[in-house]
Structures are given as C-alpha cells and as structure tokens.
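A structural walkthrough
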Amino acid sequence: MTILPLIPTSPDTPDAVVTRRRPAMPPRHLADLDLAGRRAAVTDLGEPAFRAKQLSTHYFGRLVRDPAAMTDLPAASRARLAEDLLPTLLTPQREMACDDGATRKTLWRLHDDAMVESVLMGYPDRITACVSSQAGCGMACPFCATGQAGLTRNLSVAEIVDQVVYLAGVAASGAVTGSPPRLSRVVFMGMGEPMANYPRVIQAVRRLVAPAPEGLGLSQRHITVSTVGLVPAMRRLITEELSVTLALSLHAPDDDLRDELVPVNQRWKVAEVLDAAFDYAAQTGRRISIEYALIRDVNDQPWRADLLGRLLHGKLAHVNLIPLNPTPGSKWDASPKPVEREFVRRLREAGVATTVRDTRGREIDGACGQLAASELTVVDAGGATADAEVER
C-alpha cells in the first residue's frame, strides 16, 4: 500500500509539510508586494514614494535584477533599497543548455540551501518558462524525480516570480536561438505541487499578469497552472476570476492504478477530480489540459486509452501525452512508439483532442527534479559542487 503524503487539507494552509518545524522563508522582496505595498515599503525607509515605480520599472520592465545596474537611483538610496527590497533569492548552481541552445535549464540554490529548477524552452513562435513552486514535492508520485525527493518547503511569491524575471531576461538577451526575444508563456510544471502552495502561486500569477511596472504584463491565457488533483484548491481557483489554463496530471483513468501513481488519488478519486476540472472549464471557457505520462506496461494499455476517451468525450479537454523521461535507476520507462501511437489513435477516435509533448532536455537531466537530485548526490558523496556552466 502506498502511504498517502501529508498535504494541506485546505488551500488556506499552504505550509503543512512533512516536517514538524516550519522552514524559514526568505527575506522580503519587491516581487512579494503589489505596487501599493512597494510604495509603503519605500516610504517606510525614508525614500519618496516614486522610488517604488523606479524599482519596479527596472525589475519588471527592464528585467534588471542587479541593484548595481539601477544607476538612475542615488547611490545611498540604491544601497538602502537593495538591502530591504532586492535581496538575492536565487543563486545559480548549474546552468546547462541543449537542443542547440533552445532548451536551457537552471539549478538554483536558495537562501537556506534548498534547490529548485527552472527551464526555458524556445520555439520558432514563442518562448516558454517552466518554473518551480516548491522546493521538492510532497505528493510522492513514484515515477517523478521530485516526488522521490520529498518536500523541503514552499517557495515565496518572489522566489517564484524571480525565476520568471531571470528567464525573461535570458530570452531578451537573444540567447535562445531561433526564437523571438520575449518570454510569452509560463507553466507551473517545475518542482512542486502548485496547488499545495496555493496563496503564493496565485499571488505570483497576479504579479506575472499585472501590467508593467507592477508586473510582467503576460497574458493570463498564456499561463498554465498544474495540479495532481487537490480538489479544494481547484474549486477555489474557479472563484479567482482568472483565465489561466488548468493542467491536471491524471496519468491513469482508473482509481486502482491512479491510487499508486498519484497517491493523492486515495483522497480525491478520478471522478471527483475530473468534476472539479470540468467545472473550471465551464466557468472560464478554458480547455483543460489532461497530462498523461505514458509508462511502459503500466498505464499504456489500449483499454485505458478507451476508458480515458469515454471520460473526456464531449468535454472541454485536451490530452497531452508525455513520453516518460525516466530517472536514473528507476523501474519506470517510456512506452514504445507503436504503443504510444495506438494510444493516440484510440483517444482521437473517441473525439478527444490529443497531442504528444515535444521531449526536451534529456541530455541535461530534463525531467523535473533530475538535476537537483544529481547535484545533491554529488554533494552527499563529498564531491565538489559544480561551477555554473552553460553548454553552448
């Protein structure tokens, strides 16, 4: 029997974790605050209120994260404001690239030595950032590298947003070859379960979609928030008046298997999770993305494709099949291509829109949590921590 992970029973209690002691959160940052909060913060420091807009314009408008580069601020003010509102939240531990520079992955060390990952993926018509919402994950999905590591802590609003601002800066630099120099999409599909850090994830989304200089000015429709199926949080999302895409990590259409692959299914079954997802689609008019990692001889049988097709027929939903990127030493492996094609054929025959996700980043430990796991293995073994380097 798989042990059900400890998770919040309510989206209002984001810090329920597997340890008794609450981990220390990082210092306050500009991105934790809305524009009104920033004005209050700078005036509390004895600075004029307009400094809040100056700082925000640098950070969100020009993607400048280094206070030393904000030269239009007086040196004394800059130092004072930087100390209070622009602390270093993310320190790059490793940076790697593949796919001719179109896929770039960063491993970050946080203030408490926790590690998270983010990925930038370039396409001819867009650039997408995949960001983490937690250090580790408490959902315990056995085929996921992050789930195997367990949960360290939730990320702050600013730790989430700072990943996006950094990646937007990389995009703007032209480093992602063959893609437009502007970040256009953000997916909360990195480390962690976004709905288990609900209040901070929603605040981060609002910061990302707010017009500059309050935020990055991204389109809500170009932001995807994923979940393994925390039903209370999914239902709360319906009330937020947001039009982000909801991605449901389903991975099995039947409760017997999903209880094993996604242990939270022991609390909220497939029917209840899908009902919440369909209600979100009905409220927002946004098509649900059903994430389904195809695992050889586990969830790729034709009858499971047929069952999934029946569950989704006539619904505002799209299936995103994911060829499994296996973790080192794992018993799980990707389905063979003929099996994958048959699964796709059956879903489409049932009238369900289906695509197969473009596999990126296998050369750079592309699966979520792999790079952090490998780095921690090196450190635990007494090896030197790798210097940040980008393979060009």
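Because the structure is predicted, anything quoted here is derived from the model rather than measured.

Rules behind the numbers
Residues numbered from 1 in each chain as written. Predicted model: local features only at pLDDT ≥ 70, side-chain atom pairs only at ≥ 80, totals over all residues. Heavy atoms only, no water. Helix = DSSP H or I, 4+ residues; strand = E, 2+ residues; numbered from the N terminus. Contact = heavy atoms within 4.5 Å. Areas by Shrake-Rupley, 256 points an atom, 1.4 Å probe, with all protein chains shown as cover. Core = buried A, V, L, I, M, F, W, Y, C linked by side-chain atoms within 4.5 Å. Buried < 20%, exposed > 50% of the residue type's maximum accessible area, 1.4 Å probe, protein only. pLDDT = per-residue confidence, 0-100. Pairing = 2+ DSSP bridges. Expected span 1.5 Å × (residues − 1). Axes fitted to C-alpha atoms, helices over the stretch in contact; angles between N-to-C directions. Parallel < 35°, antiparallel > 145°, perpendicular 65-115°, else oblique. Left-handed = near helix turned anticlockwise from the far one by under 90°. Nonpolar A, V, L, I, M, F, W, Y, C, P; charged D, E, K, R; others polar. Salt bridge = Lys/Arg side-chain N within 4 Å of Asp/Glu carboxyl O. Phe/Tyr/Trp six-rings, centres within 6.5 Å; stacked < 30°, edge-to-face > 60°. Lys NZ or Arg CZ within 6 Å of the ring centre and 35° of its normal. Right-handed = clockwise from strand over helix to strand, strands pointing away.

1. Thoughts on the overall build of the protein
Helix and strand counts for the protein come out as 12 helices and 12 strands. A separation of at least 24 residues holds for 69% of the contacts in the protein among residues at least 6 apart in sequence. For the protein, the exposed area adds up to about 16,300 Å²; of that, 51% sits on carbon and sulfur atoms.

2. Describing the nonpolar core
Counting residues in each nonpolar core, the largest one holds 107 residues, and the members touching the most others are Val 186 and Phe 188. Leave out the neighbours within four places in its chain, and Val 186 touches Ala 129, Val 131, Val 164, Leu 208, Leu 218, His 222, Ile 223 and Thr 224. Membership of the second largest hydrophobic core comes to five residues, among which are Val 119, Met 121, Tyr 123 and Val 187.

3. Thoughts on the environment of Ala 79
Secondary-structure assignment places Ala 79 in helix α3 (residues 75-85). Each C-alpha atom, one on Ala 79 and one on Ala 68, is 8.5 Å from the other, the two residues being 11 residues apart in sequence.

4. Some points on the confidence of the model for the protein
The share of residues in the protein with pLDDT of 70 or more is 86%, and the mean pLDDT across the chain is 88. Note on residues 1-11: pLDDT is under 50 here. Beyond four places in sequence and across chains, it has 35 contacts.

5. Let's talk about the pairing of strand β4 (residues 126-130)
The buried count for β4 comes to four of five residues, which makes it a mostly enclosed element. One ladder, built from five bridges, connects strand β3 (residues 115-123) with β4; its direction is antiparallel. Bridge pairing in β4 links Leu 120 to Ala 129. A loop of two residues connects β3 with β4, the two strands running antiparallel in sequence. Pairing of β4 with strand β7 (residues 185-188), which is carried by three bridges, proceeds in the parallel orientation. Looking at the pairing, Cys 130 lines up with Val 187 of β7.

6. Quick word on helix α9 (residues 270-284)
For α9, built from 15 residues, the straight-helix expectation of 21 Å at 1.5 Å per residue is met to within 8% by its first-to-last C-alpha distance of 21 Å. Of the positions making up α9, those classed as buried are Val 270, Val 273, Leu 274, Ala 276, Ala 277, Phe 278, Tyr 280 and Ala 281. Packed against the buried residues of α9 are α7 (231-238), β9 (245-249), α8 (255-261), β10 (288-294) and α10 (302-312). Following α9 by one or two positions, Gly 285 has its phi on the positive side, about 75 degrees.

7. Regarding the packing of helix α1 (residues 35-44) against helix α2 (residues 50-61)
Helix-helix packing is characterised by the crossing angle of the two axes and by the distance between the axes. α2 packs onto α1 with a crossing angle of 125 degrees between their chain directions and a minimal axis gap of 8 Å. Looking at the two axes, α1 sits oblique to α2. In the crossing of α1 with α2, the sense of the turn from one axis to the other is right-handed. Contacts between α1 and α2 involve Leu 35, Arg 38, Arg 39 and Val 42 from the first element and Arg 51, Ala 52, Leu 55, Ser 56 and Phe 60 from the second. Its residues assigned to classes, the contact of α1 with α2 shows five nonpolar, one polar and three charged.

8. Topic: the pattern of salt bridges
Within the structure shown, the criterion is met by 20 salt bridges. Among the ionic pairs, Glu 240 bridges to Arg 236, the shortest N-O distance being 3.8 Å. On the basis of relative accessibility, which here comes to 28%, the residue Arg 236 falls in the partly exposed class. Of the charged contacts, one joins Arg 345 and Glu 349 as a salt bridge, the two residues approaching to 3.1 Å between their closest N and O atoms. Of this pair, Arg 345 and Glu 349 both sit in helix α11 (residues 337-349), four residues apart, which is roughly one turn of that helix.

9. Some thoughts on the packing of aromatic side chains
The full count for this structure, using the stated rule, is three aromatic pairs. Summarising the aromatic geometry, the rings of Tyr 59 and Phe 60 are spaced 4.9 Å apart at their centres and angled 90 degrees between planes, so their arrangement reads as edge-to-face. In this structure Tyr 59 comes out as buried when scored by relative accessible area, which is 0%. When its relative accessible area of 3% is taken as the criterion, Phe 60 is described as buried. Sitting above the plane of the Tyr 123 ring, Arg 126 keeps its charged end 4.1 Å from the centroid. Taking NZ or CZ as reference, Arg 267 lies 5.5 Å from the ring centre of Trp 268, over its face.

10. Considerations on the environment of Thr 327
With respect to the helices and strands, Thr 327 occurs in the loop between β11 (317-323) and α11. Between the C-alpha atoms of Thr 327 and Cys 144, which are 183 residues apart in sequence, the distance is 7.6 Å.

11. A look at the sheet that holds β11
With mixed pairing, 10 strands are arranged side by side in an open sheet as β1-β2-β3-β4-β7-β8-β9-β10-β11-β12. The sheet terminates laterally at β1 (91-98) and β12 (353-356), the two strands that pair on one side only. Neighbour-to-neighbour, the strand axes of the sheet open up by a mean angle of 20 degrees, direction not taken into account. Strands in contact with helix α6 (residues 198-209) are β7 and β8 (223-227); relative to β8, the strand with the most contacts, it is inclined by about 170 degrees.

12. What about the pairing of β9?
Summarising burial for β9: five of the five residues are buried, a large majority. Here β9 shows a buried face lined by Thr 245, Ala 247 and Ser 249 and a second buried face lined by Leu 246 and Leu 248. Strand direction decides the pairing type here: β8 and β9, joined by four bridges, are parallel. Bridge pairing in β9 places Ser 226 opposite Ala 247. Handedness of the β8-α7-β9 crossover: right-handed. Note that β9 and β10 share three bridges and pair parallel. Directly across from Ser 249, in β10, lies its bridge partner Glu 291.

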